[in-house]
Amino acid sequence: MTLLVTVFAAIISTILWYQKENRKELRLGTLSLMYWGASIMWFVDAIFEYAELHAAYFTPDPMDMLNDLFLGLSVVAFGLIIWLVILLIQDPKKIVRNAILNQ
Amino acid sequence: MACFLVPTTEAIVTTIVEKNVEAHEKKEDKGQTLQKQGKVTFSRKLKWLNTMLWGGAALLAFEHVWHGEVVPFFPFLTAASNPSDAAEMLHEMSTTGVLMAVLVTVVWIGMVAVSNILEKRDTDVLLTNKR
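Here the structure is a predicted model, which is why all the values come from computation and not from measurement.

Help me understand the pattern of salt bridges, please; the structure alone is not making it clear to me.
Side chains that differ in charge, positive against negative, can pair when their charged atoms come close. What the rule picks out here adds up to three salt bridges over all chains. With a shortest N-O distance of 3.7 Å, A:Lys93 and A:Glu25 are connected by a salt bridge. In this pair, A:Lys93 is assigned in the loop between α4 (62-90) and α5 (95-101) and A:Glu25 in helix α2 (residues 23-26), connecting sequence segments 68 residues apart. What makes A:Glu25 partly exposed here is its relative accessible area of 33%. Two residues, B:Glu18 and B:Lys47, come together in a salt bridge whose shortest N-O distance is 4.0 Å. One end of the pair, B:Glu18, is in helix α1 (residues 5-27); the other, B:Lys47, is in helix α3 (residues 42-66), with 29 residues separating them in the sequence. Of the residues examined, B:Glu18 reaches a relative accessible area of 3% and is grouped as buried. Overall, the relative accessible area of 39% leaves B:Lys47 in the partly exposed class.

Help me understand the UniProt feature "transmembrane region" (unreviewed entry) in chain A, please; the structure alone is not making it clear to me.
Under the local residue numbering, the UniProt record ascribes the feature "transmembrane region" (unreviewed entry) to residues 28-48 and 68-89 of chain A. In this annotation, residues 28-48 of chain A is assigned 100% helix and 0% strand; the end-to-end C-alpha distance for the span is 31 Å.

Honestly, the packing of helix α3 (residues 28-53) of chain A against α4(A) in this entry has me stumped. Any pointers?
Residues and elements named next belong to chain A. Closest axis-to-axis distance for the α3/α4 pair is 10 Å, and the angle between their directions is 145°. Between α3 and α4 lies a crossing whose hand is right-handed. Of α4, the residues touching α3 (which contributes Leu28, Thr30, Leu31, Met34, Tyr35 and Trp42) are Val75, Val76, Gly79, Leu80, Ile82, Trp83 and Ile86. Here the contact of α3 with α4 is composed, by residue class, of eleven nonpolar, two polar and no charged.

Definitions and cut-offs
Residues numbered from 1 in each chain as written. Chains lettered and ligands numbered in written order. Predicted model: local features only at pLDDT ≥ 70, side-chain atom pairs only at ≥ 80, totals over all residues. Heavy atoms only, no water. Salt bridge = Lys/Arg side-chain N within 4 Å of Asp/Glu carboxyl O. Helix = DSSP H or I, 4+ residues; strand = E, 2+ residues; numbered from the N terminus. Buried < 20%, exposed > 50% of the residue type's maximum accessible area, 1.4 Å probe, protein only. UniProt positions renumbered as here; feature names shortened; annotations may be inferred. Axes fitted to C-alpha atoms, helices over the stretch in contact; angles between N-to-C directions. Left-handed = near helix turned anticlockwise from the far one by under 90°. Contact = heavy atoms within 4.5 Å. Nonpolar A, V, L, I, M, F, W, Y, C, P; charged D, E, K, R; others polar.

Right, dumping it as structure tokens:
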């Protein structure tokens, strides 16, 4: 479930990167690469788990699934926080800088 | 258990390499020349790999904190506190961790290959138009 949530986050961020004209300013490439990196890593984790559990891998307990969903959403939120921090530090449109200086 | 440490180690190495390549490109003024030709510098391509490795490792580390496998006190990894768990952790690092780092690198090599083909195509079109 964590893998699935992260893959969806990667797909959505890639679509946004493809669509937006200001992709460089918004650092959308960084966000999508980050999610793709995590998705690949969880995919490897899933391969090893499948090798151990076989078909049972696809029928998890509802409680485990709920916990994994909660974890997946938290991971996506954590990724967004990292991206936001990078964006605000690099501040390509100088919005943070101007806001602080004009106070 | 601690599989994210393998991609993290690779990320440290590739970040150092990226900084060196970037400095070398700046020194030779290669970066701007390549950008004018519509090409992507190697340091920028390395940045793609670094973002995938650092981002993936950070999110994976978060998962390990979630499961209580990484703690904010010594020895930081709960599996490192007893020898049998430590052996299991090292086994996981050498299998899952290594495969994670390898697969991310393979995907990056694919991205670089596609980018090189597109750059070559652009150069060919420019040369044909000049003729």
